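Coordinate analysis (summary)
Take a look at the letters that make up each chain.
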Amino acid sequence: ASDIDPSNTDTDPLTLPSPPDSGNSDFLGNTLYIRSDSQHESFEFDYNGDLNHSDASESDIGWSTAQHILRERKIQKRRIAKAATEFNERSRDKEWIKEAEGVGVLPTPATPSSVALFLYSTPKLDKAKIGLYLSKGPKDKYPFHSEVLGEFASLFDFDGMSFSDALRSFLSRFRLPGEAQCIDRLMESFANRLYEVSNSAESGGEDDQAVEKTMLDPPSTDESGNRSGTLDPPAAAEEEASVSFPFKSADAAFILSFSTIMLNTDLHNPNMKDEKRMTLEQFIRNNRGINDGNDLPVDFLTNLYYEIKNDEIQVKQDLLQD
C-alpha cells in the first residue's frame, strides 16, 4: 500500500514517499529506475524532479508520473505565489517582471499577452496595482502597457451579458484608479472589447481568446439553427435587439461606460445628500446624442440607471484578487 495520506495537505511537496515496488524496479537513493517492455524504452524517474530513461510495469509508470505531475504543479504554485508577491511589493514594473521571468512564470522576454494573462488569472494580486499598471499612459510613452491592456481586455467574453453586468465583470479584476485619464484608457479598452464581442455574436462568430467561458452563459443553437444567449440574439425582434445592445459604435459604448462610472459614484457617495444625487431624468439628458449623434433608447438607459442605483458597482473593495 502507498505511504501517501491523501488527507494530508501539509506534506512538503519536495519530500515524496517511497514508491510501491512491483519487482520490476530498483530504488537507488532519490532515483527510481523502471523498465517498460510495452513501450520498448526505459525511463529514469528522479524523485527530486526529472523523468529520464529506464523500465517498469505500467502501474509503476502511472504512479511515478502522477507523483511527478503533482510535484510540478505544487512547484508551479510556489513560483506563481512568489511572482505575485514580487508584483505586490516591487515599486518598479521592470523589477517584478524580471523576477517573474526568473522563476519561469513569464517567458523571457515577457510578452504583452503573457503579462495580461498573469494579471487576469493570478490570485492574491493587489487590485489597485493592477489598475495602475493597466491604465499607465500615454500610449506613445508606455506602448507595452497599452498592449497589455488590449490583451487583458481580450480575455473577457461579454457574450450574453447586459451592459452593466459586462462593466461589473471588467471592473471586478482591478481597482479603478482615481485619475480621469486612467479611467478613460480603461473604459476605452472595455468599450472596444464589448463592441467586438457584440459584433461577433451578431455574425455568429466564435471568440477563442476569452479564457473564462464558464463564467458566462455560452450561446446555444436550437434545432432551427437559431442562436440564443448572446448580447443581441437573432431570435429577438429588431426593436428588442436594439434595446439589448443599442450601440452604433465603440465610441458610444465608451461614453456611456464613463457616464455609468460617474453615475455609480454620484448615487453611492456617502458624503452626498440625497437631494443632490443624479436623477433618472438628468442621467438620460446627460447621455443625449452619444450614439453617433442619436439618442440611446430610453428603456435601455432607464434599466441601466436602476441597475446601478439598486446594486452599486464595487470599485474600491476587494483589494486582493481572489
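Residues numbered from 1 in each chain as written. Predicted model: local features only at pLDDT ≥ 70, side-chain atom pairs only at ≥ 80, totals over all residues. Heavy atoms only, no water.

1. Points about the overall build of the protein chain
The criterion, for reference: Helical segments are the DSSP runs of H or I of at least four residues, strand segments are the runs of E of at least two, and each set is numbered from the N terminus. For every residue, the accessible area (1.4 Å probe, protein chains only) is compared with the maximum for its type, and the residue is labelled buried under 20%, exposed over 50%, or partly exposed between those bounds. Only heavy atoms enter the contact rule, under which two residues are in contact if any of them lie within 4.5 Å.
A tally of helices and strands in the protein chain yields eleven helices and six strands. Taken across its 322 residues, the protein chain has 41% of its residues classed as buried. At a minimum sequence separation of 6, the contacts of the protein chain that also span at least 24 residues come to 59%.

2. Comments concerning the side chain of Ser164
Note that Ser164 resides in helix α6 (residues 163-171). Leaving out residues up to four positions away in the same chain, Ser164 has contacts with Leu304, Glu307 and Ile308.

3. Quick notes on unusual backbone geometry
Cis geometry marks the peptide bond from Thr108 to Pro109, where omega comes out at -5°. Residue position: Pro109 is located in the loop between α2 (93-102) and α3 (112-121). Looking along the chain, the bond that leaves Gly137 and enters Pro138 is cis, with omega of 10°. Within the secondary structure, Pro138 is located in the loop between α4 (127-134) and α5 (143-154). The residue Lys124 is not glycine, and still its phi comes out positive at about 65°. As for its placement among the helices and strands, Lys124 is situated in the loop between α3 and α4. With a phi close to 55°, Asp292 is a non-glycine residue in the positive phi region.

4. A short note on the confidence of the model for the protein chain
In regions of low pLDDT, the predicted coordinates are not meant to be interpreted in detail. Put simply, the rule is: Along the chain, pLDDT gives the predictor's confidence residue by residue, from 0 to 100.
On average, residues of the protein chain score 77 in pLDDT, and 66% of them are at 70 or above. Per-residue pLDDT stays below 50 along residues 1-53; that stretch engages in 110 contacts with residues further than four places along the chain or on separate chains. Confidence drops under a pLDDT of 50 for residues 224-241, and excluding neighbours within four residues, the segment shows 38 contacts in the predicted structure.

5. A look at the pattern of salt bridges
When the charged atoms of two side chains lie near each other, side chains of opposite charge can form a pair. The test is simple: Here, a salt bridge means any Lys or Arg side-chain nitrogen found within 4 Å of an Asp or Glu carboxyl oxygen.
Evaluation of the coordinates by the stated rule reveals ten salt bridges. In this structure, Lys82 engages Glu86 in a salt bridge whose closest nitrogen and oxygen atoms are separated by 3.6 Å. Highlighted residues: Lys82 and Glu86, both in helix α1 (residues 58-89), separated by four residues, approximately one helical turn. When its relative accessible area of 13% is taken as the criterion, Glu86 is described as buried. Asp274 is paired through a salt bridge with Arg277; the nearest N and O atoms lie 3.0 Å apart. Taking relative accessible area as the criterion, Asp274 reaches 61% and is therefore assigned exposed. Shared partners join several salt bridges into a network, and the residues in it are Lys82, Glu86, Arg90, Arg92, Glu95 and Glu99.

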